[in-house]
Amino acid sequence: MIKPFQEAAPVLKKLIEAGYEAYFVGGSVRDYLLQRPISDVDIATSATPAEVKRVFHKTADVGIEHGTVLVFHNKKTYEITTFRSEAEYEDFRRPKEVSFIRSLKEDLQRRDFTMNAIAMTAEGKLIDPFEGQKSIKGKMIRTVGIAEERFGEDALRMMRAVRFVSQLSFVIDKGTFDALKKNGKLLLKIAVERKSAEFEKLLKGRNRQNALALLVDSEIYSFLPGLAGKEDDLNKLSEFACGDLTLNEMWALLLFCIKEEASSFLKEWKLPTRQIKEIQSLLFFFTKRLDREFDLMDLYTAGKEQIISAYRLFETVSGIRDQDAVNMLQEAYEALPIKNRSELRISGNLLMEWFQKPGGPWVKEMIEMAEWAVLKGHLKNNTEEIRGWLKKCNQS
Ligand code: ATP
Ligand code: MG
């Protein structure tokens, strides 16, 4: 067995010794069978949350209302979730309430896709009542049970299907796809945060181009924030060779294609303000590069990472690939005499002292003058030289 499971095996054993059942489940078992790197090991057990807390010393209630307890073991944390069924769904969203059960099979049955409904014992034995391994071998995304019913219970599963296409390069089984095509509008009922999380995973996946095309084919794009009516733009996006772009670069490219105002569109997706700012700035420098080459000021204001990101977007859209250009940008950045204002060897206080004047807008103006001159190489970044230069400027 591979290391993450080996490390977690004592956690399962502890539950078993206390008289409960416990298994590895979900994405980690799937990824293990696919020989992909495993993110986090999820554990399912017949013990109720209260029972789990009695078995382990160090726990935290992370999602106790859904039956999940966080357990600390050997400096790692594990989410242990009680077997549950989700009998009653409200308004196409997550279940109104969960009921804890003692049967593994029922727990696996409430899971979304057959590939995600495989359990594994501490010894590595697989329990696979819904032929998940067969789906994995055939690279198939197929719901556990009747697709239409499962999407009716929780519409987010439709987005999950498409994001798994992006992550795993699987295809969606025909029955599952037909149900997806028919039920897209149910996504309108789903909280934006849940959709964003899946959409970002889609944007990051290796097979993102196909997944984006699938959003259009399945028509679910119409029910995602700000994307209704953007069929042609999304098709255009899916045609760009964008396989090695970062998440924020992908958002910027999407915005470039759909031609919407960045801030309001990204707010609709409820992205954090910091991320919105970063994407906006990226888009700004990228569109600038479509007009003309970058100058020193662009390098300086954007910073190395942003400017290279913006250039990568330019390459993606223009189809030009030029490693030399990237290297040159990097070198030009490294050669900048200063990388930000705090490196300038003067301060507002010094200026006030030199010119014997109280503070005011003139201080900022002078600093900017000196900054620009230093950046262009007209002036050395040295306190005395800057002082002389500013005195001279002030006289003329
Ligand atoms: P990732 O590798 O991205 O974490 P994952 O399959 O582990 O993928 P999670 O969102 O972490 O996805 O969910 C863990 C497991 O919980 C899934 O494998 C699946 O069995 C189940 N699951 C998650 N979301 C749903 C849902 N909306 N409906 C039914 N089962 C779900
Ligand atoms: Mg997971």
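Residues numbered from 1 in each chain as written. Chains lettered and ligands numbered in written order. Predicted model: local features only at pLDDT ≥ 70, side-chain atom pairs only at ≥ 80, totals over all residues. Heavy atoms only, no water.

Draft legend 1. Quick peek at the domain arrangement of the protein. Domains assigned within the protein are domain 1 (1–136), domain 2 (139–239), domain 3 (241–336) and domain 4 (342–395). Of the residues lining the interface, 23 residues belong to domain 1; the matching set on domain 2 comes to 23 residues. When the two sides are added together, the surface that domain 1 and domain 2 hide from each other amounts to roughly 2000 Å², 59% of it contributed by carbon and sulfur. Summed over the shared surface of domain 1 and domain 2, the result is 1 salt bridge. Note that R160 and D112 form a salt bridge whose closest N and O atoms lie 2.6 Å from each other. For the pair domain 1 and domain 2, the interface holds 11 residue pairs in polar contact (both at pLDDT 80 or more). Mapped by element, the contributors of at least two residues to the side of domain 1 that touches domain 2 are α2 (27–33), β6 (84–89), α4 (104–109) and α5 (132–137). In terms of residue class, the side of domain 1 that touches domain 2 is built from 9 nonpolar, 4 polar and 10 charged. (Domains from an automatic or database assignment. Contact = heavy atoms within 4.5 Å. Buried area = accessible area lost by both parts, 1.4 Å probe. Salt bridge = Lys/Arg side-chain N within 4 Å of Asp/Glu carboxyl O. Polar contact = N/O pair within 3.5 Å; in protein donor to acceptor, adjacent residues only side chain to side chain. Helix = DSSP H or I, 4+ residues; strand = E, 2+ residues; numbered from the N terminus. Nonpolar A, V, L, I, M, F, W, Y, C, P; charged D, E, K, R; others polar.)

Draft legend 2. Inspection of the packing of helix α9 (residues 192–204) against helix α10 (residues 208–217) at higher detail. At their nearest, the axes of α9 and α10 sit 7 Å apart, and the two run at 135° to each other. Classified by the angle their axes make, α9 and α10 are oblique. Side by side, α9 and α10 meet where F199, L202, L203 and K204 of the first sit next to R208, A211, L212 and L215 of the second. (Axes fitted to C-alpha atoms, helices over the stretch in contact; angles between N-to-C directions. Parallel < 35°, antiparallel > 145°, perpendicular 65-115°, else oblique.)

Draft legend 3. Structural context of the layout of surface pockets. Empty space within the largest pocket amounts to approximately 1400 Å³. Contributing to the lining of the largest pocket are 37 residues, with D42, E79, R111, R160 and R163 lying nearest its centre. Those elements giving two or more residues to the lining of the largest pocket turn out to be α2, β2 (42–45), β3 (59–63), β5 (76–82), β6, α7 (156–168) and α9. Sorting elements by how many residues they give to the lining of the largest pocket places α7 first, with 6 residues. Class assignment for the residues of the lining of the largest pocket results in 8 nonpolar, 10 polar and 19 charged. Residue contributions to the lining of the largest pocket reach at least three from each of two domains, namely domain 1 (1–136) and domain 2 (139–239). Here the second largest pocket defines a volume of roughly 260 Å³. Counting residues per element, the ones that place at least two in the lining of the second largest pocket are α15 (296–302), α16 (304–318) and α17 (323–334). Top contributing element to the lining of the second largest pocket by residue count: α17, with 4 residues. Residues belonging to the lining of the second largest pocket are distributed by class as follows: 10 nonpolar, no polar and 3 charged. (1 Å grid on protein atoms, 1.4 Å probe; cavity = no way out; pocket = protein on both sides within 12 Å on 5 of 7 lines; lining within 4 Å. Points joined across faces, edges and corners; volume = space filled by probe spheres on them.)

Draft legend 4. How the structure looks around α16. For α16, which comprises 15 residues, the first-to-last C-alpha distance of 21 Å matches the rise-based estimate of 21 Å (1.5 Å per residue) to within 8%. For α16, the complete set of buried residues consists of Q306, I307, I308, S309, A310, Y311, L313, F314, E315 and T316. In this structure, the buried residues of α16 make contact with α12 (247–258), α14 (273–291), α15 and α17. With its phi angle positive at about 80°, G319 sits one or two positions after the end of α16. (Expected span 1.5 Å × (residues − 1). Buried < 20%, exposed > 50% of the residue type's maximum accessible area, 1.4 Å probe, protein only.)

Draft legend 5. Structural context of the site of ligand 1. As a structural note, the neighbourhood of ligand 1 is formed by 15 residues, with R30, D154, R157, R160 and R163 the closest of them. Within the side chain of R157, a nitrogen or oxygen atom sits 2.7 Å from a nitrogen atom of ligand 1. Between R163 and ligand 1, the recorded distance is 2.9 Å, taken from a side-chain N or O atom to an oxygen atom. Protein burial of ligand 1: of its 590 Å² of free accessible surface, 80% is covered by the chains. Using a 2 Å cut-off from the grid points, one finds that ligand 1 occupies the largest pocket. (Near = heavy atom within 4 Å. Areas by Shrake-Rupley, 256 points an atom, 1.4 Å probe, with all protein chains shown as cover. Sits in = over half its atoms within 2 Å of the grid points.)

Draft legend 6. Inspection of the pattern of salt bridges at higher detail. In total, this model carries 31 salt bridges according to the counting rule given. In this structure, the salt-bridge partner of D107 is R111, at a minimum N-O distance of 3.0 Å. Using a relative accessible area of 12% as the deciding quantity, one classes R111 as buried. Across the pair R163 and E198 runs a salt bridge whose closest N-O atoms are separated by 2.5 Å.

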